[in-house]
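Given next are the chains, with one letter for each unit.
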Amino acid sequence: MKKSIWTDLIVIVCILYVIVPILMPVIYSFSIFWQGLLPKGFTQEWYRTFLRDPNMGPALTLSFMVALSAMLINIGIVIPATYGVNRMKGGIASFLENTFMIIPLLFPPVVLGLGLVQTFNKPPLNISGTIYMVIIAHSILGFPFMFRNVYASLKTVDEKTLSEAGESLGANLFQRIFYIIIPNIMPGILSGSLIVFAISFGEFEVTSMVSGFMTQTLPLVLFQQMRNDFRIASAIASFLIYISLSSFLIITYIGRKYQKGKKV
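Predicted model only: the values in this text are computed from it and were never measured.

## Observations regarding the nonpolar core
Among the nonpolar cores identified, the biggest contains 42 residues, and Phe50, Phe147, Ile185, Ile189, Phe201, Leu218 and Ile236 are the most heavily contacted of them. Of all the elements, helix α3 (residues 56–87) adds the most residues to this core, at ten residues. Phenylalanine 201 has contacts with Leu60, Ser63, Phe64, Ala67, Leu218, Pro219, Leu240 and Ile243, leaving out every residue within four places of it along the chain. Formed by twelve residues, the second largest nonpolar core is a distinct cluster that contains Val134, Ile135, Leu141 and Val210.

Dropping the structure here:
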């Protein structure tokens, strides 16, 4: 009994450790005033102020475009990459697997930002400060997470047998990947896409280094608002939470529908 109580207590503490910092901006965004232990009053004024700001619409649109582009780029790159690595044998396959999944996570994002600025700051690749630079940066940041999910999903199916069966029926490489491999690894693609989208939509550090004055994403606007009004900044942060949560629920629903259809 004591062990059960302690186990439940540890789980509750862990949940609060994760949930409370996320809930604070949401609570603050609906509060008229909050200086003591509990907030005072309820209002939607900070959301109205946030939505009336002429800078918010372009920033929100840009964040969606960048996150969607980074997600699509990773899908196009990671699927062939995981297929190729899975077909390799020995130390080369292990080396590439560790390289794609671990090494990009070892370096601070600021290093990536500096490297991108140095790489794309001179002709003929002078795209520093443009939306294309931001998309490239977000795609690189999301790559290891996308690769990890898709590769893990690919490992759960007998890809070689399926590919050989498709090849014996006359399917070329593109047809085997598009009609055989992708449907079988769709859960990994969906979960990887969710993570890439969420990372891109809320990314600040690298974005602040590679973006220009005309490429202000929503996290950059949020940072500027933190110096002006914490209540409006909390409304923007809460909006980011709502978008991420909605994306998670939608993709989870699609994944469950896919699993049900597969079982039938």
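## Structural notes on the pattern of salt bridges
Under the counting rule described, the total for this entry stands at three salt bridges. Note that arginine 52 and glutamate 45 form a salt bridge whose closest N and O atoms lie 3.2 Å from each other. Taking the relative accessible area as the measure of exposure, glutamate 45 reaches 27% and is therefore partly exposed. Glutamate 159 is paired through a salt bridge with arginine 87; the nearest N and O atoms lie 3.1 Å apart. In this pair, glutamate 159 sits in helix α8 (residues 159–168) while arginine 87 sits in helix α3, placing the two residues 72 residues apart along the sequence. Classification of glutamate 159 by relative accessible area gives buried; the value is 2%. Residue arginine 87 is classed as partly exposed on the basis of its relative accessible area of 36%.

## Remarks on the packing of aromatic side chains
Counting across every chain of the model gives 14 aromatic pairs. Aromatic side chains tyrosine 47 and tyrosine 242 sit 6.4 Å apart centroid to centroid with 20° between the ring planes, which places their arrangement in the stacked category. Residue tyrosine 47 is located in helix α2 (residues 45–52), and its partner tyrosine 242 is located in helix α13 (residues 230–263); the two are separated by 195 residues in the primary sequence. With relative accessibility at 28%, the residue tyrosine 242 sits in the partly exposed group. An angle of 10° between the planes, with centres 5.7 Å apart, marks the rings of phenylalanine 174 and phenylalanine 178 as stacked. Here phenylalanine 174 and its partner phenylalanine 178 are both found in helix α9 (residues 173–184), four residues apart, which amounts to about one turn of the helix. With relative accessibility at 56%, the residue phenylalanine 174 sits in the exposed group.

Reading the values: rules and limits
- Residues numbered from 1 in each chain as written.
- Predicted model: local features only at pLDDT ≥ 70, side-chain atom pairs only at ≥ 80, totals over all residues.
- Heavy atoms only, no water.
- Core = buried A, V, L, I, M, F, W, Y, C linked by side-chain atoms within 4.5 Å.
- Buried < 20%, exposed > 50% of the residue type's maximum accessible area, 1.4 Å probe, protein only.
- Helix = DSSP H or I, 4+ residues; strand = E, 2+ residues; numbered from the N terminus.
- Contact = heavy atoms within 4.5 Å.
- Salt bridge = Lys/Arg side-chain N within 4 Å of Asp/Glu carboxyl O.
- Phe/Tyr/Trp six-rings, centres within 6.5 Å; stacked < 30°, edge-to-face > 60°.

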